[in-house]
Amino acid sequence: MTVLDKVLGRERVLVRENERALTLYKGEIKAVLMPGEHWLANRRGSLEVSRHDLKNPEFVSAYEKALFDKLPDMAARHLTVVRTGRTDVAIIERDGNLHAVLAPDRKLVLWTDAGPWTVTLVDTSADLAIDPAVTRRLGQARKAELMSVHPIVDGQAGLLFVDGVLVRTLAAGVHGFWNVGRMVQVKVVDLKRQSLDVAGQEVLTKDRVTIRVNIAAEYRVVDPVKAVSAVKDFSEALYRALQYAFRKTLGALTLDQILEKKVTVDEEAAAKVRADMAEIGVEVSDISLKDVILPGEMREILNKVVSAEKQAEANVIRRREETNATRSLLNTARVMAENPVMLRLKELEALETIAGKVERLTVHNGTGGLLNDLVKLRES
């Protein structure tokens, strides 16, 4: 600064390429300075310079309103203003890269020279859905504060609720929604075939024996909208329906009837379960009784009964065999009594059997009365 500059009350202000500067003289905003050397009046220290680094492209200044009010043309030349309405979301890009996402009823002021800037306004009043490509870009740029992401895999359906009202069904894929102004919920429903077990269900039989049973059913959701909207929990509804059906079926049978055959739910009860579940969009296929569990004392009694039954069956078989053997002997005796030659042959067979077991055999009175007289055996 020269003596003349001091006399004239001038001050040198240098603005670099990465900077912009606001100047105020005696507290009044005067200009926006571009890069370069500037000589400005500064009598008695009345000059004020507010520097802004374009590394931070957002214009934040206490003098923003004054600049737009007093120097609107200059403000329009140097600054880009982004405003959103009550239902708008603004996607702001700088030179093709995501810079910011602006919520509804907001304003953002940017240095124009920090761009180039591209602003896309999205009206969320009609639909909160976000284009899948935009969803991916927002996620990759970590600008997902204003959206919710809901993945739906194959074999599932997603039910979209906005402010508690069902809007539509979502197919498999990744779905993004603007989470602004309204509440977004997605309920995922599995459409694959599933099994449901009702374990340890107590049932009182017709002869008043308390047993516990395990029940199984196969089902799948065919109408996810009905399944979710008709009841609070469709799997719980199926659970209760199976309980009722088997209580009705087994309660009409005695314990012996249940144990002597594989019991399934009767057709009337099964048809009611299937019909009731079809009304809420659930298809029920197989329904079966897996296990029958008896109380401890009942098992002991049943074991004794089974043991007694098996013993009785064994006695019957033994008596039948004894009867058959006796009948065979009687028939043999009758044949020999009626046929002397057959009797003679049996005598010879008996003699042959005995002779094969001793070294010497003495027969008195010949062999004519071998079966009637005493046969003496003497071993040497």
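Residues numbered from 1 in each chain as written. Predicted model: local features only at pLDDT ≥ 70, side-chain atom pairs only at ≥ 80, totals over all residues. Heavy atoms only, no water.

Looking up the chain in an unreviewed UniProt entry gives the name Slipin family protein, with the organism given as Mesorhizobium huakuii. As recorded by UniProt, the Subcellular location (unreviewed entry) comment attached to the chain reads in full: "Membrane". In UniProt, the chain has this text filed under Sequence similarities (unreviewed entry): "Belongs to the band 7/mec-2 family." (UniProt positions renumbered as here; feature names shortened; annotations may be inferred.)

Participant: Teacher, can you tell me more about the sheet that holds strand 10 (residues 117–123) here?
Facilitator: The strands making up a sheet associate through hydrogen bonds between their backbones, and the pairing can be parallel or antiparallel. An order of 8-7-10 is seen for the three strands of this open sheet, with the pairing classed as antiparallel. Edge positions in the sheet fall to strand 8 (97–102) and strand 10, since each has one partner strand and no second. Along the sheet, successive strands turn relative to each other by an average axial angle of 20°, direction set aside. Note that strand 7 (residues 88–94) and strand 8 share five bridges and pair antiparallel. Bridge pairing in strand 8 places Ala90 opposite Leu102. Each of strand 7 and strand 8 is contacted by helix 4 (residues 132–140), which is oriented at about 95° to strand 8, the strand it contacts most. (Pairing = 2+ DSSP bridges. Helix = DSSP H or I, 4+ residues; strand = E, 2+ residues; numbered from the N terminus. Axes fitted to C-alpha atoms, helices over the stretch in contact; angles between N-to-C directions. Contact = heavy atoms within 4.5 Å.)

Participant: What am I meant to see in the sheet that holds strand 19 (residues 282–293) here?
Facilitator: The strand order 17-18-19 describes an open sheet built from three strands, whose pairing is antiparallel. Each end of this open sheet is capped by a strand with a single partner; those strands are strand 17 (194–204) and strand 19. Averaged over neighbouring strand pairs, the angle between their axes works out to 20° when direction is ignored. Across nine bridges, the pairing between strand 18 (residues 210–221) and strand 19 is antiparallel. Bridge pairing links Arg220 to Glu283 in strand 19. Packed onto the sheet, helix 6 (residues 234–251) meets strand 17, strand 18 and strand 19 and runs at close to 40° relative to strand 17.

Participant: Looking at this structure, I do not really get the nonpolar core. What am I missing?
Facilitator: Nonpolar side chains in soluble globular proteins tend to be buried together. Counting residues in hydrophobic clusters, the biggest one holds 35 residues, and the most contacted among them are Ile211, Phe234, Leu238, Leu242, Val273, Val282 and Ile287. The set of elements that each furnish at least two residues to this core consists of strand 13 (156–162), strand 17, strand 18, helix 5 (224–229), helix 6, helix 7 (255–260), helix 8 (267–278) and strand 19. Discounting residues that sit within four places of it in the chain, Leu238 has contacts with Leu196, Tyr219, Val273, Met277 and Val284. Core analysis: the second largest hydrophobic core is formed by 29 residues, Leu24, Val32, Ala100 and Val109 among them. (Core = buried A, V, L, I, M, F, W, Y, C linked by side-chain atoms within 4.5 Å. Buried < 20%, exposed > 50% of the residue type's maximum accessible area, 1.4 Å probe, protein only.)

Participant: For this particular structure, what's the right way to read the packing of aromatic side chains?
Facilitator: Two measures describe an aromatic ring pair: the distance that separates the ring centres and the angle between the ring planes. A full pass over the atoms with the stated rule returns one aromatic pair. Taken together, a centroid distance of 5.1 Å and an interplanar angle of 85° make the contact between Phe59 and Trp111 edge-to-face. With a gap of 52 residues between them, Phe59 in the loop between strand 5 (47–53) and helix 2 (64–70) and Trp111 in strand 9 (residues 107–111) connect regions that are remote in the sequence. Phe59 sits in the buried class, given a relative accessible area of 3%. (Phe/Tyr/Trp six-rings, centres within 6.5 Å; stacked < 30°, edge-to-face > 60°.)

Participant: Is there a simple way to explain the pairing of strand 2 (residues 19–25) in this structure?
Facilitator: Consecutive side chains along a regular strand alternate between the two faces of the sheet. In terms of residue burial, strand 2 counts as a mostly covered element, since seven of its seven residues are buried. Covered by surrounding structure in strand 2 are Glu19, Ala21, Thr23 and Tyr25 together with Arg20, Leu22 and Leu24, the residues of both alternating faces. Hairpin remark: strand 2 followed by strand 3 (residues 28–33), antiparallel, with two residues in the connecting loop; positive phi at Lys26, about 50°.

Participant: I tried to follow the pattern of salt bridges on my own but got confused; where do I start?
Facilitator: When the charged atoms of two side chains with opposite charge come close together, those side chains can pair. On inspection of all chains with the given rule, the structure shows 14 salt bridges. A salt bridge links Asp113 to Arg20, with the shortest nitrogen-to-oxygen separation between them at 2.9 Å. Separated by 93 residues along the polypeptide, Asp113 in the loop between strand 9 and strand 10 and Arg20 in strand 2 bring together distant segments of the chain. The class for Arg20 is buried, based on a relative accessible area of 6%. Taking the shortest distance from any N to any O, the salt bridge between Asp127 and Arg168 comes out at 3.8 Å. (Salt bridge = Lys/Arg side-chain N within 4 Å of Asp/Glu carboxyl O.)

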